[in-house]
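# Fold and geometry: a report
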Amino acid sequence: MHRCLQIPEVVCIIFEHVRNLSDSKNAHKALARLARTCKSFSSPALDILWYTQFSLLNLLKCFPKDVITLRKDHSIHMNRFALNRKPKLKDYERVLFYGSRIRLLGCTSGPILDAKVDTLVYSTLLSQRRWVGPLLPNLQGLEIDLEDFMGQVVYVRLTIGPSLHRIKLQDDYGTGDFNRNEEFWRTRSTSWNNALAVLAPHVADLQHFQFSSFLDWIFRYPTMECINSFCQSFRRVQSLRVMNLRLTNDVLKHLSTLPHLSVLEFGIDSKELRAFVDTPSSPEEFNKIASLSIFTDSISACTSLLSRSAFHHLLSLCIGQVSAGGDWDIGAFVSNLVTPFLETLEIWKLDPSSEVLGVEPEDHPPIPFTRSMLYSLLSFPSVTCLDITFDLSLQLDDDDIKAIATAWPDLRKLSLPDHSLQLTAPITFEGLLSLTQHCKQLGELTIRVDASKIPDFASSGVLEPSNLLYFDACTSPLHDAPALLEIIPLIFPRLDTLNISDSYKRIGDAGVLQSSSAAWRSLIHALRPSVPSYDVHLD
């Protein structure tokens, strides 16, 4: 064997490359063969092969054949994994050998399982844990679903181990089956209360916790008592993402004292937020915070919070509106922002009404985005992402776009959605090109431009291809589709998504609007056959 292959670090790097092959099935087979090649390859190959498991099924299959059985279950249209008998201590030898190599368990992007594990299996293994020991003693990350907290919560209690430092808790309840009656909310609340109660004793030493749900901004579960008890159990957490837990003033006070907290994402109503703001600040509060996301009903309460010196060194800031009411003056917020090192600023309108509550979202007038608002933001020289999802009325022109390009050369994402129905736009396509030409790393762009006048070669000269991947043109007016069709592959060769809004078809001068609509549709149909990789569509 070559001397290089006798160096464990080199072998691990090679095997990592094998694991990252695009064909994951063949990658697993290759690692299994490497593990059987020789003793020096066996341990590192097995470590990588077992590092991530999507469920306990593969591990449970390591029990002796007389212990386990697979039976066809027609009620679930798949096999059911069960036990023939209770495992004895010697039956655990292979299970513990491989279980100690698992570091991450549970992943939403995992393969479809070929069998469902019977709940009795988990109950039996949990009852034997006292003399067998932890099934996954080196598990570091656990991703679990709300369904795992039904009944006696045996799966969660079985998998939690002494080395755990990362948990992602999620609710994958599908929107298609959404039941909006009170019984649904009572059942969900009970399950979430169980989840927080079971996890609370194990989060003191966690470094990362995430609470994820498709009901991201509905605060009807769990109870405040459970939330308070759970959140105040954290001691060493570095990243806490709980946007759909409505925190209280007392919880926020506790979190402000945590010495390692650098990423915080949470929901809170403005009353509780103002109560925290009214308490005296201390030099030690939030002393490591670098990324902050707040989902609330009042942006002025956020302004008051951000005036505290602890947040003047933020690198990333996200503010989300979770209700139609409340004070939401973006202009005043931007003007009073004191975060000179800010790299990412996101201001989101989160309206779940149409998707979750089954009613049409309310129409609100667009928010003016003025030149003074822009230049307040341009004073932050390190911005790489400005993402606003509110419907805006842009009061900018080409000179302002050129100012963006000059101030933020490292810009990666710019979202300024304007769905107004004027027949022209003050930002021209030439202004758009100045942005994409100067901001070489710009990958996502949402902006309304006047696409009715496309610059020719005489005026624009040779244009360098940009790295733009996503372009949402909103309600950009367009009349000459062939001219735009000719220039798009030249300047946006990597573009894979072109988005336009059809809201302009519902209001205004039908004749002119239909003309723009027809031009965009003509462009779409021309792009699809010539550049098949484009995902070009109407909203």
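Remember, it's a predicted structure, so these values are computed and weren't measured experimentally. Starting afresh in each chain, residues are numbered from 1 along the sequence in its written order. Reporting of local features is limited, given that this is a predicted model, to residues whose pLDDT is at least 70; pairs of side-chain atoms are given and counted only at 80 or more, and all residues count toward the totals for whole chains, interfaces and linings. Only hydrogens and water are set aside; all other atoms, that is, all heavy atoms of the structure, feed into the side-chain values.

## Some points on the overall build of the chain
Condition: In this text, helices come from DSSP runs of H or I with a minimum length of four residues, and strands from runs of E with a minimum of two, each type numbered from the N-terminal end. Whether a residue is buried, partly exposed or exposed follows from its accessible area with a 1.4 Å probe, protein chains only, as a fraction of its type maximum: under 20%, in between, or over 50%, in that order. Residue contacts are counted whenever heavy atoms from the two residues lie within 4.5 Å of one another.
Tallying secondary structure elements over the chain gives 21 helices and 21 strands in all. Relative to its full complement of 539 residues, the chain shows a buried share of 48%. The long-range share in the chain, meaning contacts at least 24 apart out of those at least 6 apart in sequence, stands at 77%.

## A closer look at the pairing of strand 20 (residues 497-500)
Basically, it comes down to this: Orienting the strands away from the viewer, one traces the path from the first strand over the helix to the second; a clockwise path indicates a right-handed crossover.
On strand 20, burial covers both faces: Thr497 and Asn499 on one face and Leu498 and Ile500 on the other are all buried. With respect to chirality, the unit in which strand 19 (residues 470-472) leads through helix 20 (residues 481-491) into the neighbouring parallel strand 20 is right-handed.

## Observations regarding the packing of aromatic side chains
Note the threshold: In this scheme Phe, Tyr and Trp rings, the latter by its six-membered ring, pair at centre separations within 6.5 Å, and the angle between planes marks the pair as stacked below 30 degrees, edge-to-face above 60, and tilted otherwise. Both a distance and an angle decide whether a charge sits over a ring: NZ of Lys or CZ of Arg must be within 6 Å of the ring centre and within 35 degrees of the ring normal.
Counted under the stated rule, the structure contains 15 aromatic pairs. Between the aromatic rings of Phe15 and Phe41, the centroid separation amounts to 5.4 Å while the plane-to-plane angle is 90°, which identifies the pairing as edge-to-face. You can see Phe15 sitting in helix 1 (residues 8-19) and its partner Phe41 sitting in helix 3 (residues 39-50), a full 26 residues away along the chain. There is no split in this pair, since Phe15 and Phe41 are both buried. Ring plane angle 85° and centroid distance 5.3 Å describe the contact between Phe230 and Phe234, whose orientation is recorded as edge-to-face. Judged on exposure class, the residue Phe230 and its partner Phe234 are both buried. Site record: aromatic cluster; members linked through ring pairs are Trp50, Phe97 and Tyr98. The ring of Phe97 has Arg101 sitting right over it, with the charged end atom 4.6 Å from the ring centre.

## Let's talk about helix 17 (residues 398-407)
To be explicit about the condition: Here a polar contact is recorded for every N or O atom pair within 3.5 Å, except that within protein the pair must consist of a potential hydrogen donor and a potential acceptor, and residues adjacent in sequence are included only if both atoms are side-chain atoms.
Where helix 17 is concerned, the buried positions are Asp398, Asp400, Ile401, Ala403, Ile404 and Ala405. Lining the buried residues of helix 17 we find helix 16 (371-377), strand 17 (413-415) and helix 18 (429-438). Two or three places before Asp399, at the opening of helix 17, Asp397 has a side-chain oxygen 3.1 Å from that residue's backbone nitrogen.

## Topic: the packing of helix 12 (residues 270-277) against helix 13 (residues 299-306)
The cut-off we apply is this: As a rule, the C-alpha atoms of each element are fitted with a line to give its axis, helices using only the stretch in contact, and angles between N-to-C directions run from 0 to 180 degrees. Should an angle lie under 35 degrees it is considered roughly parallel, over 145 roughly antiparallel, and from 65 to 115 roughly perpendicular; all remaining angles are considered oblique. Crossings are assigned a handedness: left-handed for a near helix turned anticlockwise from the far helix by less than a right angle, right-handed for a clockwise turn. Amino acids outside the nonpolar list (Ala, Val, Leu, Ile, Met, Phe, Trp, Tyr, Cys, Pro) and the charged list (Asp, Glu, Lys, Arg) are all regarded as polar, and Gly is one of them.
The contact between helix 12 and helix 13 brings their axes to 9 Å, and the two run at 20°. By the angle between their directions, the pair helix 12 and helix 13 is classed as roughly parallel. For the pair helix 12 and helix 13, the crossing hand works out as left-handed. Across the interface between the two elements, Ser270, Leu273, Arg274, Phe276 and Val277 from helix 12 touch Ser300, Ala301, Cys302, Ser304 and Leu305 from helix 13. Here the contact of helix 12 with helix 13 is composed, by residue class, of six nonpolar, three polar and one charged.

## Considering the nonpolar core
How we decide: To define a nonpolar core, start from buried Ala, Val, Leu, Ile, Met, Phe, Trp, Tyr and Cys residues and group those joined through side-chain atoms within 4.5 Å.
One finds Leu199, Phe209, Phe333 and Phe429 to be the most contacted residues of the largest nonpolar core, which totals 155 residues. Looking at this core element by element, the count peaks at six residues for helix 3. Counting residues in hydrophobic clusters, the runner-up holds five residues, among them Phe295, Cys318, Val322 and Leu350.

## Let's talk about the packing of helix 10 (residues 224-231) against helix 11 (residues 249-256)
Close contact between helix 10 and helix 11 brings their axes to 10 Å; oriented N to C, the two are set at 10°. Classified by the interaxial angle, the pair formed by helix 10 and helix 11 is roughly parallel. Contacts between helix 10 and helix 11 pair Ile227, Asn228 and Cys231 from the former with Val251, His254 and Leu255 from the latter. A class-by-class count of the residues in the contact of helix 10 with helix 11 yields four nonpolar, two polar and no charged.

## Concerning the pattern of salt bridges
Here is the rule we go by: One speaks of a salt bridge when a side-chain nitrogen belonging to Lys or Arg is within 4 Å of a carboxyl oxygen belonging to Asp or Glu.
For the structure on display, the rule yields twelve salt bridges. For the salt bridge of Asp118 with Arg80, the shortest nitrogen-to-oxygen distance reads 3.7 Å. Residue Asp118 is located in the loop between strand 5 (115-117) and helix 6 (119-127), and its partner Arg80 is located in strand 3 (residues 78-83); the two are separated by 38 residues in the primary sequence. Asp118 sits in the partly exposed class, given a relative accessible area of 22%. Note that Asp387 is salt-bridged to Lys413, the shortest N-O span being 3.1 Å.

## Here we look at unusual backbone geometry
Negative phi values dominate among residues other than glycine, just as trans dominates among peptide bonds. The phi dihedral of Phe286 is positive, around 45°, even though this residue is not glycine. Mapped onto the elements, Phe286 comes out in the loop between helix 12 and strand 11 (291-296). Non-glycine residue Cys474 carries a positive phi angle of around 55°. By the secondary structure assignment, Cys474 is in the loop between strand 19 and helix 20.

## As for helix 10
Selection criterion: The arc in question is the one traced by the directions running from the helix axis out to the C-beta atoms.
Here helix 10 has its buried residues at Ile227, Asn228, Phe230 and Cys231. Buried residues in helix 10, looked at end-on, bunch into an arc of 170°, giving them a common side.

## Section: the environment of Gln238
Here Gln238 shows up in the loop between helix 10 and strand 9 (239-246). Judged by relative accessible area, Gln238 falls into the partly exposed class, the value being 30%. The spacing of Gln238 and Phe209 is 29 residues in sequence and 8.5 Å in space, taken between C-alpha atoms. The residues contacting Gln238, other than those within four sequence positions of it, are Gln207, His208, His260, Leu261, Ser262 and Val263.

## Remarks on the environment of Ser293
Note on placement: Ser293 falls in strand 11. Classification of Ser293 as buried rests on a relative accessible area of 10%. Sequence-wise, Ser293 and Cys318 are 25 residues apart; in three dimensions their C-alpha atoms are separated by 4.4 Å. Look past the residues within four positions of Ser293 in its chain and what remains in contact with it is Leu264, Glu265, Phe266 and Cys318.

## Here we look at a positive patch on the surface
Under the convention used in this document: The patches reported here contain residues having more than 30% relative accessible area and no salt bridge. Joining distances are 9 Å for like charges and 5 Å for nonpolar side chains (Val, Leu, Ile, Met, Phe, Trp, Tyr). Each accessible area is a Shrake-Rupley result for a 1.4 Å probe, and residues are judged covered by the shown protein chains and nothing else. His is not counted, nor are the chain ends, whereas Lys and Arg count as positive and Asp and Glu as negative. Here the site of a charge means NZ on Lys, CZ on Arg, CG on Asp, or CD on Glu.
Judged by side-chain charge, Lys25, Lys29, Arg33 and Arg36 come together as a positively charged surface patch. For Arg36, the location among the structural elements is in the loop between helix 2 (24-35) and helix 3. Since its relative accessible area comes to 64%, Arg36 is described here as exposed.

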